[in-house]
Amino acid sequence: MQFTVEHKPTFAHITGTGRLNMVGAPKLREVVAEVVSGGSNHVVVDLGGTEFMDSSGLGALIGCLKLARQAGGDLRIANVRPQVQMVLELTSMNRVLTPYDTADEAFRDA
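This one's a predicted model, so the numbers in the text were calculated from it and none came from an experiment.

On to unusual backbone geometry. Located in the positive-phi region is asparagine 79, a residue other than glycine, with phi close to 60°. Within the secondary structure layout, asparagine 79 lies in the loop between β4 (74-78) and α3 (82-90). Judged by its relative accessible area of 37%, asparagine 79 falls in the partly exposed class.

Rendered as structure tokens:
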């Protein structure tokens, strides 16, 4: 899985492409940890390029959410594809990680 980071005025926008599974999950954790340690504690993970997510990917998102919140911020997800949405709904994690249509909408209230 490949990640790019764009720092916006109110949040860091992380875009991932590929499969968020046991191979990609550690990379996501690493990228979010670097972003948060760099001072951006409001993070949006854009999942528009994520074609597949399994329990490892879900665990990584939850770990990243915890990391951002411990730093006084938050992590939100955007641009969720149907397979990822299904995983979120089946595990009821869509209540914790509310999907937003776009990254800009995720922190519009911040």
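Every regular strand shows the same layout, with side chains that alternate between the two sheet faces. Sheet analysis places strand β1 (residues 2-7) next to strand β2 (residues 12-20), joined by six bridges and oriented antiparallel. Bridge assignment links valine 5 to a residue of β2, and that residue is isoleucine 14. Once β1 ends, the chain turns through four residues before running back antiparallel as β2. As paired elements, β2 and strand β3 (residues 42-53) share eight bridges and run parallel to each other. Paired with leucine 20 across the two strands is methionine 53, which belongs to β3. Read from β2 through helix α1 (residues 24-37) to β3, the crossover connection turns out right-handed.

Turning next to the nonpolar core. Ranked by internal contacts, the top residues of the largest apolar core, which has 28 residues, are Leu28, Val45, Met53, Leu61, Leu75, Ile77 and Leu88. Listing elements by their share of this core, those giving two or more residues are β2, α1, β3, α2 (55-70), β4 and α3. Setting aside its immediate chain neighbours within four residues, valine 45 contacts Ile14, Leu28, Leu61, Leu75, Arg76, Ile77 and Ala78. Ranked by size, the runner-up nonpolar core spans six residues in total, among them Phe11, Val44, Ala103 and Ala106.

Basis of the calculations
- Residues numbered from 1 in each chain as written.
- Predicted model: local features only at pLDDT ≥ 70, side-chain atom pairs only at ≥ 80, totals over all residues.
- Heavy atoms only, no water.
- Helix = DSSP H or I, 4+ residues; strand = E, 2+ residues; numbered from the N terminus.
- Buried < 20%, exposed > 50% of the residue type's maximum accessible area, 1.4 Å probe, protein only.
- Pairing = 2+ DSSP bridges.
- Right-handed = clockwise from strand over helix to strand, strands pointing away.
- Core = buried A, V, L, I, M, F, W, Y, C linked by side-chain atoms within 4.5 Å.
- Contact = heavy atoms within 4.5 Å.

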